[in-house]
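Chain residues, written in single-letter form:
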Amino acid sequence: LFPLASLGGITFTAASVAQIAVYLSTTMDWVKIQSILIVFANVIVAASVLFMYLEDWTWGESMFFLYSCASTTGLSEEVPKTPQGRIAFCFLMMIFFSIFTTL
């Protein structure tokens, strides 16, 4: 059951990205969207480094965790175990939700 749930989350993410691409190709608000995506990419890189430091994860583990959080699939393979990591996760999710609601 778990691989099917993961596949469903990844499929949903791919469909969302495709929908965003269609939207971007048909709208004149590209500058706003581009700025938001740049901010999102910077947040992902900074958060990845933060979790590598706080949780002693590899870059791949950190990026997979951030992907599952940002896409809200919550695959639960990697979770923050330290109090600092959990606090960082809470703030990070607030940032993710703010960015996605802006899109």
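Below is a short write-up of the structure. (Residues numbered from 1 in each chain as written. Predicted model: local features only at pLDDT ≥ 70, side-chain atom pairs only at ≥ 80, totals over all residues. Heavy atoms only, no water.)

Thoughts on the overall build of the chain
Scanning the chain for helices and strands turns up four helices and zero strands. Listing every helix and strand of the chain by position from the N terminus yields α-α-α-α. Going through the 103 residues of the chain one by one, you find that 29% of them count as buried. Pairs at least 24 residues apart make up 57% of the contacts formed inside the chain by residues separated by at least 6 positions. If you sum the accessible surface of the chain, you get close to 6800 Å²; carbon and sulfur atoms cover 73% of it. (Helix = DSSP H or I, 4+ residues; strand = E, 2+ residues; numbered from the N terminus. Buried < 20%, exposed > 50% of the residue type's maximum accessible area, 1.4 Å probe, protein only. Contact = heavy atoms within 4.5 Å. Areas by Shrake-Rupley, 256 points an atom, 1.4 Å probe, with all protein chains shown as cover.)

Notes on a nonpolar patch on the surface
Taken together, the side chains of Ile87, Phe91 and Met94 make up a nonpolar region of the molecular surface, amounting to roughly 330 Å² of accessible area. Assignment of secondary structure puts Met94 in helix H4 (residues 83–102). (Patch = residues over 30% accessible without salt bridge, like charges linked within 9 Å, V, L, I, M, F, W, Y side chains within 5 Å. Salt bridge = Lys/Arg side-chain N within 4 Å of Asp/Glu carboxyl O.)

Considerations on the packing of aromatic side chains
Going through the model one piece at a time under the given rule, you end up with five aromatic pairs. Seen in terms of ring centroids, Phe51 and Phe65 are 5.1 Å apart; in terms of plane orientation they differ by 70 degrees. Their pairing is edge-to-face. One end of the pair, Phe51, is in helix H2 (residues 30–55); the other, Phe65, is in helix H3 (residues 59–70), with 14 residues separating them in the sequence. Each member of the pair Phe51 and Phe65 is classed as buried. Where Trp57 meets Phe65, the ring centres are 5.2 Å apart and the plane angle is 65 degrees; that geometry is what we call edge-to-face. What links up through ring pairs into an aromatic cluster is the set Phe51, Trp57, Phe65 and Phe89. (Phe/Tyr/Trp six-rings, centres within 6.5 Å; stacked < 30°, edge-to-face > 60°.)

Here's the deal with the nonpolar core
In this structure, Phe40, Phe51, Phe65, Leu66, Leu92 and Phe96 are the most contacted members of the largest nonpolar core, which totals 16 residues. Of all elements in the fold, only H2, H3 and H4 reach the threshold of two or more residues within this core. (Core = buried A, V, L, I, M, F, W, Y, C linked by side-chain atoms within 4.5 Å.)

Overview of H3
Helix length check: H3, at twelve residues, gives a terminal C-alpha distance of 16 Å against a target of 16 Å (1.5 Å per residue), a fit within 8%. For H3, every residue scored as buried is listed here: Ser62, Phe65, Leu66, Ser68, Cys69 and Ala70. In the segment just after H3, Thr72 is the residue with positive phi, at about 55 degrees. (Expected span 1.5 Å × (residues − 1).)

Here we look at unusual backbone geometry
One non-glycine residue, Asp56, lies in the positive phi region at around 60 degrees. Structurally, Asp56 is set in the loop between H2 and H3. The exposure class of Asp56 is exposed, given its relative accessible area of 69%.

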